[in-house]
Amino acid sequence: MFTQAIVRPPSKNFADGLTREDLGPPDFNLALAQHAQYCAALQRCGLQLTALPADPRHPDATFVEDTAVLLPRCRVLTLPGAASRVGEIEAIRICLENQGLPLQAIAAPGSVDGGDICEAGEHVFIGVSARTNEAGAQQLAALLHEAGYSSSLVDIHGVDGILHLKSGMSWLGDGRLLLIEALAAHPAFAAYERVLVESDEMYAANAVRVNDHVLIAAGYRRTAARLRELGYALIELDMSEFRKMDGGLSCLSLRY
Ligand code: CIR
């Protein structure tokens with residue numbers, strides 16, 4: 001069960017963040033409204049929120065997930081792979097330390113973005129990507145191992161259209177993964193029940209199981225229907241403005 005989450009609203013210069021998408025600039029006021037709905041959804045799932053102030057020095061800082069990996073027995077401050085995002089970790093470090101949560105850290109030359117880390121109970125999938133390098137992935141795997149978690153590395157360099165591992169997959173609990181087709185045959189996922197997201201609904205693969213609910217981006221009818229069929233209670237959220245900045249649902253919070 002998750003009880004807490006850290007969130008951070010977008011700053012006015014959110015549109016200056018990194019993106020590979022070509023969907024036009026985000027509308028700041030709409031992004032703020034979508035963020036507020038996202039926060040309300042987490043509260044509806046029973047989470048208590050710590051909302052950090054918007055950080056205009058770091059236009060991508062609303063994507064707090066990338067700054068830490070928080071598991072019940074292992075908490076690690078990451079080292080984001082994009083230079084413009086490295087400064088984001090300081091506020092997260094202070095926030096977590098103030099809550100009495102001791103942290104380990106990824107060190108250079110390693111880099112890790114939290115979006116590449118997919119916890120699946122006692123096992124953790126670590127994406128090796130344009131942001132998370134092999135050295136960072138190995139450091140994290142060692143810290144996880146010490147804490148009693150197993151892990152596997154999933155290289156996503158050749159997978160089209162995803163920035164992070166979790167842009168293409170989510171842990172649904174119950175031994176199940178939600179996966180884009182391009183990841184489905186990867187041997188790391190062989191032991192799991194795989195629920196596939198069709199290529200024209202790819203963005204919906206970044207869902208988040210939060211206690212009794214699954215948060216999913218609004219507008220992906222077939223993926224939503226499949227998850228309902230499997231018995232999940234869904235909360236659908238409009239993510240249009242975050243998508244323009246290459247972000248998905250999971251990126252907007254650190255859940256623990
Ligand atoms: C970036 O490119 O770093 C941000 N604009 C988006 C980060 C999205 N984070 C995530 O998927 N965990």
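Residues numbered from 1 in each chain as written. Predicted model: local features only at pLDDT ≥ 70, side-chain atom pairs only at ≥ 80, totals over all residues.

Asker: Which residues make up the overall build of the chain, and what are the values?
Answerer: Tallying secondary structure elements over the chain gives 6 helices and 15 strands in all. The C-alpha radius of gyration computed for the chain amounts to 17 Å, which stays within 12% of the reference 18 Å derived for 256 residues, consistent with globular compactness. Based on the C-alpha atoms only, the size of the chain along its principal axes is roughly 45 × 40 × 35 Å. A total of 256 residues make up the chain; the buried ones form 46% of that total. Taking the contacts inside the chain whose residues are at least 6 apart along the sequence as the reference set, 65% of them involve residues at least 24 apart. (Helix = DSSP H or I, 4+ residues; strand = E, 2+ residues; numbered from the N terminus. Rg over C-alpha atoms; globule rule 2.2 N^0.38 Å. Buried ≥ 20, exposed ≤ 12 C-beta atoms within 10 Å, placed from the backbone. Contact = placed C-beta atoms within 7 Å.)

Asker: Talk me through helix H1 (residues 28-44); I want residue IDs and the actual numbers.
Answerer: Taking 1.5 Å as the rise per residue, H1 with 17 residues should run 24 Å; its terminal C-alpha atoms sit 24 Å apart, in good agreement. Of the residues making up H1, those classed as buried are Ala31, Gln34, His35, Tyr38 and Leu42. Axial view of H1: buried residues confined to an arc of 105 degrees, hence all on one face. Residues of H1 that are exposed and point over 90 degrees away from its buried face: Asn29, Leu30, Ala36 and Gln43. Those residues of H1 hidden inside the fold are in contact with strand S1 (4-7), strand S2 (48-51), strand S12 (208-210), strand S14 (233-237) and helix H6 (240-243). Where H1 ends, the next residue or the one after it, Gly46, has phi of about 100 degrees, a positive value. (Expected span 1.5 Å × (residues − 1). Arc of directions from axis to C-beta.)

Asker: Go over the site of the ligand with me, naming the residues and quoting the values.
Answerer: The local shell around the ligand holds 19 residues, among which Leu18, Phe63, Gly115, Gly247 and Cys251 are the closest. Residue composition of the shell around the ligand, grouped by class: 6 nonpolar, 8 polar and 5 charged. (Near = placed C-beta within 6 Å. Nonpolar A, V, L, I, M, F, W, Y, C, P; charged D, E, K, R; others polar.)

Asker: Run through the pairing of strand S10 (residues 176-180), naming residues and quoting values.
Answerer: Counting buried residues along S10, 4 of its 5 residues qualify, which places the element largely inside the surrounding structure. With 4 bridges joining them, strand S9 (residues 169-173) and S10 adopt antiparallel strand pairing. From the neighbouring strand, Trp171 faces S10, where its bridge partner is Leu177. Here S9 hands over to S10 after 2 residues, with Asp174 in that stretch at a positive phi of 55 degrees. Note: S10 against strand S11 (residues 193-197), 5 bridges, orientation parallel. Residue pairing for S11: Leu177 is matched across the bridge by Arg194. (Pairing = 2+ DSSP bridges.)

Asker: Give a detailed account of the pairing of strand S6 (residues 117-120), specifying residues and quantitative values.
Answerer: Alignment of S6 against strand S7 (residues 123-128), held across 4 bridges, turns out to be antiparallel. The partner of Ala120 across the bridge, within S7, is His123. Hairpin connection, S6 to S7: the antiparallel pair is bridged by 2 residues, and Gly121 has positive phi, about 70 degrees.

Asker: Lay out helix H2 (residues 89-98) in plain terms, naming residues and giving numbers.
Answerer: Among all positions in H2, only Ile89, Ile92 and Leu96 are buried. Each buried residue of H2 sits inside an arc of 60 degrees when the element is viewed along its axis, so together they form one side. Opposite its buried face, H2 presents the exposed residues Ile94, Glu97 and Asn98, each directed more than 90 degrees away. Lining the buried residues of H2 we find S1, strand S3 (68-71) and strand S4 (74-77). Gly100 occupies a position one or two residues after H2 and carries a positive phi of about 75 degrees.

Asker: Tell me about the nonpolar core, and please be specific about residues and values.
Answerer: Within soluble globular proteins, side chains that are nonpolar tend to cluster in buried spots. Counting 71 residues, the largest nonpolar core has Met169, Leu178, Leu179, Leu215 and Ile216 as the members making the most contacts within it. The residues contacting Met169, other than those within four sequence positions of it, are Cys118, Leu177, Leu178, Leu179, Ile180, Leu183 and Ala205. (Core = buried A, V, L, I, M, F, W, Y, C linked by C-beta atoms within 7 Å.)

Asker: Could you give an account of the sheet that holds S7, with specific residues and numbers?
Answerer: Judged by pairing direction, the sheet is mixed, and its 3 strands sit side by side in the order S6-S7-S8 without closing on themselves. The sheet is open, and its two borders are formed by S6 and strand S8 (150-155), each paired with just one other strand. Adjacent strand axes in the sheet meet at a mean angle of 20 degrees when their direction is disregarded. Bridge analysis of S7 against S8 gives 6 bridges, and the strand direction is parallel. Its bridge partner being in S8, Phe125 is matched across the sheet by Ser152. Lying over the sheet, helix H3 (residues 134-146) contacts S7 and S8, oriented at roughly 170 degrees with respect to S7. (Axes fitted to C-alpha atoms, helices over the stretch in contact; angles between N-to-C directions.)

Asker: I'd like a rundown of the sheet that holds S11, residues and numbers included.
Answerer: Read from one edge to the other, the open sheet built from 3 strands follows the order S9-S10-S11, with strand pairing classed as mixed. Only two strands of the sheet have a single neighbouring strand rather than two, namely S9 and S11. When the angles between neighbouring strand axes are averaged without regard to direction, this sheet yields 25 degrees.

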